[in-house]
Amino acid sequence: MSNGIQIQTESLSKNFGSVVALKKLDLSVRKGSVFGYLGPNGAGKTTTVRILSGLLKPSGGSATVCGYDVRTQRNAIKSVTGLLPESPGLYSKLSAVEFLEFIGALNNLSGESLHNRIDRLLGILGLEGRQNDLLESYSSGMKQKVLVASTVLHEPELVFLDEPTSRLDPAASVLVREIILAMARETDTTFFICTHMTDFAEDLCEIIGILNEGVLTTLGAPNEIIEQTGGNDLEDAYLKIVGGEIDRDTLLSWRQ
Amino acid sequence: MVRVWWAIAKAEFLVRTSKLHRSRKILYPAVIGIALTFGLVVIPRILGYFLARTGSAFEMILATSFPGFLRTIMMVLWMFILIVPISNSLENVKIGQWEILFSNNVKTRDLLFGTFVGRIPVYGIFVIALGPIVVSPFVYAYNVSIIGQLLMYLVIFVFAVVTIWLSTVFSTAIHAKIGSSPRGDDIGKALSWAIVPLVAVPAMGSMYWMNSVVSLFNLDASMILPSTWSADILTWIAMYTGSLRPSSILNLELYWFAVSPIVDMLLLGIFSATVLFLGFKSADRLFAYGASPGSQKVARAGPENLFIRGVRKVFGGRFGTIIATSFKDYTRKLQNIAKLSYGLFLAFLIPLLIGFGPFATIVDDPIFLPVMASLMTGLMLGIFSGVIFGGVGLLDSRDQLWILKSAPNGVPKFITARVVSYMMVGIPYAMLPALFTGLLLNFALNEILLTVAFVYSIVLGGIFVGVGITACNPSYQDTSSGAFVINTIASIVIMMICVIASIIPGVMVAINQGVFAPALTIASVPAPLIGLIILMVGMIRLTLMEAD
């Protein structure tokens, strides 16, 4: 059905009134791969994720996700994908177990198998001692871990992660990276990751796309992008592509 | 160099008037102008018009009973100025900005004083508009001179400023106590609702039981209230700067004044000085945030009770889980419990007012009282349930909506479960006041059951309307947003129309046929039906809604 391609877009576009959020995106993401989507704030990354996860209708072009059309088969896309939103939309008055049970029920999971899954996931993420505390008492990193768990709970074929490590400490970031790698290699799960963390993307992603002002400007493996731009690492290459290098005199000019 | 307290006062003023935004320089003076016109022109003319038409006998009564009336009015005004700022500030408990201020070496006294000064221009508007309600009747009845009027306004001004200071100190203390707790925002919102009945009781008392309240207030007990001291000072100024005969002054003094006005002035002076002194003295303690032992307390989810287990069993695995989590999420929020309690409090007042208030003596009809009490209880609970079950309770944030939308048919599943859980919460919410009404007014058992069913049907209408409107235009947790204000007004207006559409056929049957049961049965139908249509529209709109 999908010929090993999980995401396929052709001239995918989205406008909000006169604002162009995404311009003619052509993209293919292979099954079981980890795709990194980089770009400055407001570049259109979250808009792309929302279109591809069936939350938002495109203004133009076409796209299929796991073989389903983003315009006409949105419920089918939702049943085979998982989404980690940019900021935590948790229920403050539920515990981690209750919240995951709720997400499981929304995705048609229940019973013993769901509870086993919740217990194991919370154990892996180091939340086993706090699983019955209300989420209002969690730190932002702990909330993010619960959200990561909620995203993979129903074993989706494709996972969209919007800034998955922005609130995590280094140890938790490594843990999330290992979970992603294990799921991609062992279960053939595809990951589409929006991030600002270039080192995280360089370590983890096989293919990287850099989006700037709604346009996909660069696409390739991290080492290819570094070579093409003549940078030292991905951060250097990224700054050369999107612009962001400022000289020291400019940085101190506000003092005059 | 800018004084620190002045900068804080300016920031507080800008925050309080943020709705005026860019047009603040034009709109704020315009609001002051409107308040002044209302207070100094509109109120005196309206009162003068009505007082002139009531005749000399009433004027006589007015002249002799004014001191008691003024004590009630001043108490309501005092409560209003004291509680409204506290209630407003508790709607949004945040102490993060304190950290910024203290890191900039701001003294706690400057912070407290600046916050207080910043509030004066805002809450002062209410004083400008409401002050003349106190002064104008005296001007008319006692013929008070211009100097007397100015003195009266001065007393009101001093009293209002001291009260605003007191409310600033109280709200700061509460913020410091709960602000650092993860539950602080929820507790603050709950308190902002719980504090309102303190205003409602004297306000309703003054409206319905004026005579008894006034006579009650003549007792020595009322003398402990600062509002009574200031009311008596106002009376005293009005008497001695007006054109009352010496014999009338003597009569008033003998009848109303338990202590000399000099004592009142001393008491008010000591009270004001003490409040100001203690406020400044306690500034360091008030701003010692994060020190409360409760701030580190972690709330845990306990084992599920019999009711939740029953819900899971009745509704089955997945749907039962969504209903159970929705029920837990709603009932664990203190603000929801406070709103429900407030609605119940108002609903319990209805049969009391109808059975023992002015209506009871005017109309002595075996059908009128039960029908009226049931309809009014339904009206009160119904209108309120639109706000309690809609508004900010439905969705906490836009990201929560994304999580729901990312599941197949997530929104319809969630909204259905939310409505079912609200319908369960609505059972005791409707049943308790309906039972109270029936038992208090000696209804027969079948009439009590009918009343319960009628009130519940109106509450169902309120739930459907509240959820439907909020689903059409989600306001999330932001009570200051335009969406929240529009939703609240729309819910109230639609529920009023629904309830009126329900009541009219019921009342017609009650009047024409003089029967209780068919009247309530017919009145039970329209509200839930109209509500259901709005709910369906809301659910479809939320399902189709996209990002902006």
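Keep in mind that this is a model prediction, so the values were computed, not measured.

Colleague: I'd like a rundown of the overall build of chain A, residues and numbers included.
Modeller: Assigned secondary structure in chain A consists of 10 helices and 10 strands. Compactness check: chain A gives a C-alpha radius of gyration of 19 Å against a globular reference of 18 Å for 256 residues, within 12% of the reference. In terms of overall dimensions, chain A has C-alpha extents of about 60 × 50 × 35 Å along its principal axes. The buried share of chain A, taken over its 256 residues, is 48%. Taking the intrachain contacts of chain A between residues at least 6 apart in sequence as the baseline, contacts between residues at least 24 apart amount to 68%.

Colleague: Give a description of the overall build of chain B that names residues and reports values.
Modeller: Along its length, chain B carries 24 helices and 0 strands. Taking all 548 residues of chain B together, 45% fall into the buried category. Look at the contacts in chain B between residues 6 or more apart in sequence, and 85% of them connect residues 24 or more apart.

Colleague: Break down helix α2 (residues 24-53) of chain B for me, citing the residues and quoting the values.
Modeller: Taking 1.5 Å of rise per residue, the 30 residues of α2 of chain B would be expected to cover 44 Å, and the 41 Å separating its terminal C-alpha atoms lies within 8% of that figure. For α2 of chain B, the principal kink sits at F38 of chain B and spans about 35 degrees.

Colleague: Got a sec to walk through the nonpolar core? Specific residues and values, please.
Modeller: Among the nonpolar cores identified, the biggest contains 148 residues, and F99 and F192 of chain A together with V467 of chain B are the most heavily contacted of them. It is helix α21 (residues 445-472) of chain B that provides the largest number of residues to this core, a total of 15 residues. Residues contacting V467 of chain B, with those up to four places away along its chain left out, are F389, G390, L394, I415, R418, V419, Y422, L535 and G538 of chain B. Core analysis: the second largest hydrophobic core is formed by 63 residues, F116, A160, W165 and A231 of chain B among them.

Colleague: Go over the interface of chain A and chain B, please, and point to the residues and values.
Modeller: Of the residues lining the interface, 33 residues belong to chain A; the matching set on chain B comes to 31 residues. For the side of chain A that touches chain B, the elements supplying multiple residues, two or more each, are α2 (74-80) and α3 (96-106) of chain A. At 5 residues, α3 of chain A tops the list of elements feeding residues into the side of chain A that touches chain B. Classifying every residue of the side of chain A that touches chain B gives 12 nonpolar, 13 polar and 8 charged.

Colleague: Please set out the sheet that holds strand β9 (residues 207-212) of chain A residue by residue, giving values where relevant.
Modeller: All names here are of chain A. Judged by pairing direction, the sheet is mixed, and its 6 strands sit side by side in the order β6-β7-β8-β3-β9-β10 without closing on themselves. The sheet is open, and its two edges are formed by β6 (81-84) and β10 (215-220), each paired on a single side. Ignoring strand direction, the axes of neighbouring strands in this sheet form an average angle of 15 degrees. Here strand β3 (residues 34-38) runs beside β9; their pairing, made up of 4 bridges, is parallel.

Colleague: Give me the confidence of the model for chain B: which residues, what numbers.
Modeller: All names here are of chain B. Of the residues in chain B, 82% reach a pLDDT of 70 or more, and the chain-wide mean stands at 79. Between the elements of chain B, mean pLDDT differs from a low of 48, seen in helix α9 (residues 210-217), to a high of 92, seen in helix α20 (residues 410-440). Below a pLDDT of 50 lies the segment residues 207-214, which in the model reaches 10 contacts outside its immediate sequence neighbourhood of four places, other chains included. Per-residue pLDDT stays below 50 along residues 290-295; that stretch engages in 7 contacts with residues further than four places along the chain or on separate chains. Quick note on the complex model: pTM equals 0.74, ipTM equals 0.74.

Colleague: Tell me what's going on with the sheet that holds strand β2 (residues 19-30) of chain A, and back it up with residues and numbers.
Modeller: If you trace the 4 strands from one edge of the open sheet to the other, you get β2-β1-β4-β5 (chain A), paired in antiparallel fashion. Looking along the sheet, the strands with just one partner apiece sit at the ends: β2 and β5 (68-69) of chain A.

Colleague: Any chance you could break down the packing of helix α14 (residues 306-315) of chain B against helix α15 (residues 317-331) of chain B for me, citing the residues and the numbers?
Modeller: Residue and element names in this part refer to chain B. Remark: α14 packs on α15, axes separated minimally by 7 Å, with the N-to-C direction vectors making an angle of 150 degrees. The pairing of α14 with α15 is recorded here as roughly antiparallel in orientation. Between α14 and α15 lies a crossing of right-handed hand. Listed contacts from α15 to I308, V311, R312 and F315 of α14 are F319, G320, T321, I323, A324 and F327. A breakdown of the residues in the contact of α14 with α15 according to their chemical character gives 7 nonpolar, 2 polar and 1 charged.

Colleague: Report on unusual backbone geometry, specifying residues and quantitative values.
Modeller: Of note in this structure, D188 of chain A is not a glycine but carries a positive phi near 60 degrees. Relative to the elements of secondary structure, D188 of chain A occurs in the loop between α6 (170-187) and β8 (190-195). According to the C-beta neighbour criterion, D188 of chain A is exposed, with 12 such atoms within 10 Å. Phi at N442 of chain B is positive, roughly 55 degrees, even though this residue is not glycine.

Colleague: Quick rundown of the pairing of β2 of chain A? Include the residues and the values.
Modeller: Residue and element names in this part refer to chain A. For strand β1 (residues 5-16) and β2, the ladder comprises 8 bridges, and the chain directions are antiparallel. Residue K14 lies in a different strand from β2, and its bridge partner there is L22. Connecting β1 to the next strand, β2, in antiparallel fashion are 2 residues, including G17 with a positive phi near 65 degrees.

Colleague: Summarise the environment of V387 of chain B; cite the residues concerned and give the values.
Modeller: All names here are of chain B. Assignment of secondary structure puts V387 in helix α18 (residues 368-389). For the pair V387 and A301, spaced 86 residues apart in sequence, the C-alpha to C-alpha distance is 27 Å. Beyond its immediate stretch of four places on either side in the chain, V387 contacts G466, T488, S491 and I492.

Colleague: I'd love a proper account of the environment of N512 of chain B, names of residues and values included.
Modeller: All names here are of chain B. With respect to the helices and strands, N512 occurs in helix α22 (residues 482-513). In this structure N512 comes out as exposed when scored by C-beta crowding, with 9 C-beta atoms within 10 Å. When the C-alpha positions of N512 and V411 are compared, they lie 46 Å apart, and in sequence the two are 101 residues distant.

Colleague: Tell me about the packing of helix α6 (residues 146-178) of chain B against helix α10 (residues 226-241) of chain B, and name the residues and values.
Modeller: In a packed pair of helices, the relevant descriptors are the angle between the two axes and the axis-to-axis distance. Residues and elements named next belong to chain B. It is at 9 Å that the axes of α6 and α10 come closest, and there the two elements cross at 170 degrees. Classed by the angle they form, the pair α6 and α10 counts as roughly antiparallel. Counting all contacts with α6, which are made through I147, G148, L151, M152, V155 and F159, the residues of α10 involved are S230, I233, L234, I237, A238 and T241. Classifying every residue of the contact of α6 with α10 gives 9 nonpolar, 3 polar and no charged.

Colleague: Could you give an account of the pairing of β6 of chain A, with specific residues and numbers?
Modeller: Residues and elements named next belong to chain A. Residues of β6 alternate between two faces, with T81 and L83 on one and G82 and L84 on the opposite face, all of them buried. Strand direction decides the pairing type here: β6 and strand β7 (residues 158-162), joined by 4 bridges, are parallel. Of the residues in β7, the one forming a bridge with L84 is L161.

Colleague: A description of the environment of D264 of chain B should follow, citing residues and the corresponding values.
Modeller: Structurally, D264 of chain B is set in helix α12 (residues 261-281). As for D264 of chain B and T228 of chain B, which are separated by 36 residues in sequence, their C-alpha atoms are 8.5 Å apart.

Colleague: Explain helix α19 (residues 398-405) of chain B to me, and be specific about the residues and the numbers.
Modeller: An α-helix turns once per 3.6 residues; consequently, residues spaced three or four apart project the same way. Along α19 of chain B, 6 of the 8 residues are buried, which leaves the element largely enclosed by surrounding structure. Looking at α19 of chain B, one finds that the buried residues are Q400, L401, W402, I403, L404 and K405 of chain B. Summarising the contacts, the buried residues of α19 of chain B are in contact with β6 of chain A together with α20 of chain B.

Thresholds applied
- Residues numbered from 1 in each chain as written.
- Chains lettered and ligands numbered in written order.
- Predicted model: local features only at pLDDT ≥ 70, side-chain atom pairs only at ≥ 80, totals over all residues.
- Helix = DSSP H or I, 4+ residues; strand = E, 2+ residues; numbered from the N terminus.
- Rg over C-alpha atoms; globule rule 2.2 N^0.38 Å.
- Buried ≥ 20, exposed ≤ 12 C-beta atoms within 10 Å, placed from the backbone.
- Contact = placed C-beta atoms within 7 Å.
- Expected span 1.5 Å × (residues − 1).
- Bend = angle between axes of the 7 residues up to and from the residue.
- Core = buried A, V, L, I, M, F, W, Y, C linked by C-beta atoms within 7 Å.
- Nonpolar A, V, L, I, M, F, W, Y, C, P; charged D, E, K, R; others polar.
- Pairing = 2+ DSSP bridges.
- Axes fitted to C-alpha atoms, helices over the stretch in contact; angles between N-to-C directions.
- pLDDT = per-residue confidence, 0-100.
- Parallel < 35°, antiparallel > 145°, perpendicular 65-115°, else oblique.
- Left-handed = near helix turned anticlockwise from the far one by under 90°.

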